[in-house]
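# Coordinate analysis (summary)
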Amino acid sequence: MLSKLFGRKKEEKVLNYGPRNPDGYGDWSFVGTDMHSHLVPGIDDGAQTVEDSISLIQQLQGMGFKSLITTPHIKSDHYPNTHATIQSGLQELRAALHQRGINMPIKAAAEYYIDDYFMQLLDAEPLLTITENKVLVEISFLFEPVRFYDTLFKIQTAGYKPIIAHPERYAFYHNNINAYKELKDRGCHLQLNTISLSGYYGRAVKEVAERILSMGLYDYCGTDMHHVKHADSMQKLLQSGVMPVLQQYPFLNSRLQLV
Ligand SMILES: [Fe+2]
């Protein structure tokens, strides 16, 4: 039944939520590796200090996550991060974890914002990947990038496979659910922000996330953890009737290796 629900048939089905469970539906350990977060201190709009980072990582560990691929923004106007800023921040964070005796494997990739600057980077240097050739990308929340499909093709021609971050948050696709199928057909992976299902970003985002989930179009899930409010939402979501659905869903996160 679940295989039918999750992807063999791509037509839409209503998600069958179970009841809310005040005792919680276990933890997030079924995900294994979280592959979208902002935990390198002070280089984007996520954790600002090492102490912020440590606190968020301890909360993720407490919720069952086994390893982390953290993804600082690379966005030319706001967060002009480079391999160097990300790697040095990661080393600082790893040292702080080690000092405190916290055993949480962590590596860094990036969340690339698709714009002209990104296209320059694509030509100029190797991209930071989640695993193998898979690169996490986001787009504007306001409009689809001009010639977006051409851009996706260029990314693929350069040897990468795009993972589209939080597709449910792009409001311009909300009335065009086929756009998500189209992205998949064009060789993209889709990554759910799990807290979209809690209503954190509003009802419309929640409903679209449920639709994409019921269509079996997601490949990965991520916390997109920036700060403690996101951690609280992840914690609360454990009581939601959507958890048994997520726990059965064939997310690819558990295949991610931190090498
Ligand atoms: Fe993000």
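Just so it is clear, the structure is predicted and the values come from calculations on it, not from any experiment.

Thresholds, definitions, all that
- Residues numbered from 1 in each chain as written.
- Predicted model: local features only at pLDDT ≥ 70, side-chain atom pairs only at ≥ 80, totals over all residues.
- Helix = DSSP H or I, 4+ residues; strand = E, 2+ residues; numbered from the N terminus.
- Expected span 1.5 Å × (residues − 1).
- Buried ≥ 20, exposed ≤ 12 C-beta atoms within 10 Å, placed from the backbone.
- Arc of directions from axis to C-beta.
- Contact = placed C-beta atoms within 7 Å.
- Pairing = 2+ DSSP bridges.
- Right-handed = clockwise from strand over helix to strand, strands pointing away.
- Core = buried A, V, L, I, M, F, W, Y, C linked by C-beta atoms within 7 Å.
- Axes fitted to C-alpha atoms, helices over the stretch in contact; angles between N-to-C directions.
- Left-handed = near helix turned anticlockwise from the far one by under 90°.
- Nonpolar A, V, L, I, M, F, W, Y, C, P; charged D, E, K, R; others polar.
- pLDDT = per-residue confidence, 0-100.

### What to know about helix α3 (residues 83–99)
One full turn of an α-helix is made of 3.6 residues, so residues set three or four places apart face in the same direction. A rise of 1.5 Å per residue sets the reference length of α3, with its 17 residues, at 24 Å; its end C-alpha atoms lie 24 Å apart and thus fit the reference within 8%. Along α3, the residues that are buried comprise Ile86, Gly89 and Leu93. Looking straight down α3, one finds its buried side chains confined to an arc of 70 degrees; they lie on one side. Exposed and oriented more than 90 degrees from the buried face of α3 are Ala84, Gln91, Ala95, His98 and Gln99. Check the buried side of α3 and you find it contacts α2 (50–62) and β4 (106–108). Phi for Gly101, located one or two positions after α3, is positive at around 70 degrees.

### A short note on the sheet that holds β4
Two pairing modes exist for strands in a sheet, parallel and antiparallel, and in both the strands are linked by backbone hydrogen bonds. Strands sit in the order β1-β2-β4 across an open sheet of three strands; the sheet is parallel. For this open sheet the edge positions go to β1 (33–34) and β4, each flanked by a neighbour on one side alone. Judged from the three bridges that link them, strand β2 (residues 67–70) and β4 form a sheet pairing that is parallel. In the sheet register, Leu68 faces β4, and the bridge partner there is Ile106.

### Some remarks on the pairing of β2
Regular strands have side chains that alternate between both faces of the sheet. As defined by bridge partners, β1 adjoins β2 across two bridges and the pair is classed as parallel. Its bridge partner lying in β2, Thr33 is registered against Ser67. The parallel pair β1 and β2, bridged by α2, forms a crossover whose chirality is right-handed.

### Here's the deal with the nonpolar core
Counting residues in each nonpolar core, the largest one holds 67 residues, and the members touching the most others are Tyr112, Leu136 and Ile212. Leu136 has contacts with His36, Thr71, Ala109, Ala110, Glu111, Tyr112, Ile130, Ile163 and Ala165, leaving out every residue within four places of it along the chain.

### Here's the deal with the sheet that holds strand β5 (residues 111–113)
Taken in spatial order, the six strands of this open sheet run β3-β5-β6-β7-β8-β9, and their pairing is parallel. Only two strands of the sheet have a single neighbouring strand rather than two, namely β3 (73–74) and β9 (220–222). By the bridge criterion, three bridges tie strand β7 (residues 161–165) to strand β8 (residues 189–193) in an arrangement that is parallel. Residue pairing across strands places Ile163 opposite His189, the latter belonging to β8.

### Some remarks on the pairing of strand β6 (residues 134–138)
Most of β6 sits out of view: five of its five residues are buried. Where β5 and β6 come together, three bridges link them in parallel fashion. Bridge pairing in β6 links Glu111 to Leu136. What joins β5 to β6 is helix α4 (residues 116–124), and the crossover it makes is right-handed.

### Looking at helix α7 (residues 203–214)
Here α7 is 12 residues long and its end C-alpha atoms lie 16 Å apart, about the 16 Å a rise of 1.5 Å per residue gives. For α7, the full list of buried residues reads Val205, Val208, Ala209, Ile212 and Leu213. The buried residues of α7 occupy an angular sector of 140 degrees when the element is viewed end-on, so they sit on one face. Residues of α7 that are buried make contact with α6 (178–185) and β8. Positive phi appears at Gly216, one or two residues downstream of α7, with a value of about 70 degrees.

### Some words on the packing of α2 against α3
Where α2 meets α3, the closest approach of the two axes is 10 Å, and the angle between their N-to-C directions is 65 degrees. Relative to α3, the crossing made by α2 is right-handed. In this structure, α2 contributes Val50, Ser53, Ile54 and Ile57 to the contact, and α3 contributes Glu92, Leu93, Ala96 and Leu97. The class makeup of the residues in the contact of α2 with α3 is six nonpolar, one polar and one charged.

### Comments concerning unusual backbone geometry
Excluding glycine, a negative phi dihedral is what most residues carry, and trans is how most peptide bonds are arranged. Non-glycine residue Arg147 carries a positive phi angle of around 50 degrees. For Arg147, the location among the structural elements is in the loop between β6 and α5 (148–157).

### Quick look at the confidence of the model for the chain
Put simply, the chain has an average pLDDT of 94, and 94% of its residues get 70 or more. Ignoring residues within four places in sequence, the model shows residues 7–11, a span with pLDDT below 50, making six contacts including any to other chains.

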